[in-house]
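# Topology and contacts: notes
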Amino acid sequence: MKLTKEQPKQKETTVVHEYLDEVFNTVLQRNPGEEEFHQAVASFFKSLVPILEKHPIYMEKGILEQLVEPERVISFRVPWVDDSGKINVNRGFRVQFNSAIGPYKGGLRFHPTVNLSVVKFLGFNQVFKNSLTGLPIGGGKGGADFDPKGKSDNEIMRFCQSFMTELAKHIGPDIDIPAGDIGVGAKEIGYMFGQYKRMAGASHTGVLTGKGINYGGSLGRKEATGYGAVYFVREMLKHKGATINNSTFVVSGSGNVSIYAMEKAIELGAKVVACSDSNGYIYDENGIDLYLVKQIKEVHSDRISEYVKYHPEAKYVDDSTGIWSIPCDVVLPCATQNEISEEAAKQLVANGVKVIAEGANMPSTAEAVNVFVNNEIMYAPAKAVNAGGVAVSSLEMAQNSMRLSWNFGAVDEQLQEIMTKIYHNCVTSAKEYGHKDNLLIGANIAGFIKVADTMIEQGVI
Ligand code: NDP
Ligand code: 2IT
């Protein structure tokens, strides 16, 4: 990469801020009301100041202007018939954000809160997360404002088929490869895969990841995001000469990411004392009975409040945000965006938290992040911490291309290597750009460089 000569620092800082402000103002004007998207872009831009100071080429080549505009946005009607015969209409999305380093890759979310802003914030962050994995995947995201809660299996199947009937026109194993996210697990992926196969008249195994093991799913994908997050925490603690053993964890959510984060943390000797769902949280000071949580959530799709029926000594509180009042060493927010407010962050800090590692996407508000950074808490952002899920998705694609499947140990070993590399890459980038130990800046810069340099190499502009 050709670098222009460094300018005196003060002058450059002004220019850089002016430039970032200008691009950000365009984002605000072009995307009115998309608050989550604005939040993701603002947080990312803040981290880029040191790299733009050193390498103005990214400004000269208009890289940021291009990065904030998705390559393609698809929005579509999803009509489906419920069990009573009533016709329902939902809105589906796929945002194909950036394909510089590979085909679009990212999950699908089915939740009533899904809208264009949510899909765009997720897609934007996915671009840099995927870059951090070191694997050849671009970034995208999709979903629908469909609520799977309380729906029958047949209703979910009909919805998934209708959703895929439109989505199929836009995806493919070398074009765009969706996977799961909130409300989309192996069951939904199976229904969507079946519909894609019927429409294509061929079994393009690599078109989706997170598939069932019988038809091309990777062993270890289900566990990957949660395990990966804990492997990342292990590296963070190692850096400080500490270990997970005997530490106390609070893990929000009780879905895919949360359950497997708890599983790995417990395996490595932690005591997980609390988890939650969107209704409330449980606190079990003896340590969460994970077998029971799996039964409640994975087998019966029930509420986490059921837990206290089997463990009356534990406590259930009917307010999921209260989970942040529990003193602990390590916090893994693994539910949803903006689940940690500024007040919650202050309370965590006051209670002596040592590590915050984001399993969910953008779980901390901008104000909460400031609280962690200003108090020098070990804080790691989602795009680094939860990258294990998409990394193993990429390994699933590799296995599909080879028409082979690796055993669990082989996948898990690669996951551990990938998470360790991501951690070191973040640390190195943070240090190189003058923000030692700031994993937020390190992750954003490391994720950015690869995408930006590739865009320049490919002559996108
Ligand atoms: P799941 O649907 O499996 O679980 C989501 C969990 O979060 C459930 O316990 C759910 O509770 C809770 N939750 C959802 N919305 C809210 C809300 N508004 N307030 C409080 N709790 C809520 O999803 P995942 O575990 O897959 O995803 C969790 C997070 O991790 C998301 O941010 C996702 O984007 C991110 N992620 C997921 C990856 C994956 O591989 N699945 C990869 C990387 C990131 P309830 O049951 O009541 O709805
Ligand atoms: O946010 C994410 O990284 C995911 N939901 C997983 C994406 C994927 O393609 O596995």
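Presented here is a report on the structure given in the accompanying data block.

Scoring rules and cut-offs
- Residues numbered from 1 in each chain as written.
- Chains lettered and ligands numbered in written order.
- Predicted model: local features only at pLDDT ≥ 70, side-chain atom pairs only at ≥ 80, totals over all residues.
- Heavy atoms only, no water.
- Buried < 20%, exposed > 50% of the residue type's maximum accessible area, 1.4 Å probe, protein only.
- Helix = DSSP H or I, 4+ residues; strand = E, 2+ residues; numbered from the N terminus.
- Arc of directions from axis to C-beta.
- Contact = heavy atoms within 4.5 Å.
- Pairing = 2+ DSSP bridges.
- Axes fitted to C-alpha atoms, helices over the stretch in contact; angles between N-to-C directions.
- Near = heavy atom within 4 Å.
- Polar contact = N/O pair within 3.5 Å; in protein donor to acceptor, adjacent residues only side chain to side chain.
- Areas by Shrake-Rupley, 256 points an atom, 1.4 Å probe, with all protein chains shown as cover.
- Nonpolar A, V, L, I, M, F, W, Y, C, P; charged D, E, K, R; others polar.
- Right-handed = clockwise from strand over helix to strand, strands pointing away.

Next up on the list: helix α10 (residues 290–299). By the burial criterion, the buried members of α10 are Leu290, Leu292, Val293, Ile296 and Lys297. Down the axis of α10, the buried set is contained in an arc of 155°. They therefore lie on one face. Turned more than 90 degrees from where α10 packs its buried face, Tyr291 and Val299 sit exposed. Elements in contact with the buried residues of α10: α9 (256–267), β7 (271–276) and α11 (307–310). At the C-terminal side of α10, Ser301 shows a positive phi close to 45°.

It is worth spelling out the sheet that holds strand β12 (residues 378–380) at this point. The sheet built from seven strands is open, its strands ordered β9-β8-β7-β6-β10-β11-β12 with mixed pairing. Both outer strands of the open sheet, β9 (315–317) and β12, are each paired with one neighbouring strand and no more. The mean angle between the axes of side-by-side strands here comes to 15°, regardless of whether they run parallel or antiparallel. In the sheet, strand β6 (residues 248–251) pairs with β7 via three bridges, with the strands oriented parallel. Paired with Thr248 across the strands is Lys271, a residue of β7. Helix α8 (residues 221–239) rests against β6, β10 (330–332), β11 (355–357) and β12 of the sheet, and its axis sits at about 150° to β11.

Around ligand 2, 14 residues are found, and the nearest of them are Lys105, Lys129, Asp181, Arg221 and Ser393. In the model, an oxygen atom of ligand 2 is placed 2.6 Å from a nitrogen or oxygen of the Lys105 side chain. Between ligand 2 and Gln126, the relevant distance is 3.0 Å, taken from an oxygen atom to a side-chain nitrogen or oxygen of the residue. Within the complex, the protein chains bury 94% of what would otherwise be the 300 Å² of accessible surface of ligand 2. If you list the elements that add at least two residues to the shell around ligand 2, you get β3 (104–110), α5 (116–132) and α15 (387–402). Along the lines of polarity and charge, the residues of the shell around ligand 2 split into two nonpolar, seven polar and five charged.

Here we come to unusual backbone geometry. Here Ser301, not a glycine, exhibits a phi torsion of approximately 45°, which is positive. Residue position: Ser301 is located in the loop between α10 and α11. For Asp437, which is not a glycine, the phi torsion comes out positive at approximately 70°. Asp437 sits in the partly exposed class, given a relative accessible area of 38%.

Turning to the pairing of β6, a few remarks are in order. The two faces of β6 match: Thr248 and Val250 on one face and Phe249 and Val251 on the other face are all buried. The parallel pair β6 and β7 is bridged by α9, and the resulting crossover is right-handed.

Further remarks concern the sheet that holds strand β4 (residues 139–144). Strand pairing within a sheet occurs via backbone hydrogen bonds; the two strands may be parallel or antiparallel. The five strands are arranged β1-β2-β4-β3-β5 in an open sheet whose pairing can be described as mixed. The open sheet is flanked by β1 (72–81) and β5 (176–179), the only strands paired with a single partner. Recorded for the sheet is a direction-independent mean angle of 20° between the axes of neighbouring strands. Contacts from helix α6 (residues 153–167) reach β1, β2 (87–98), β3, β4 and β5, with the element oriented near 145° to β1.

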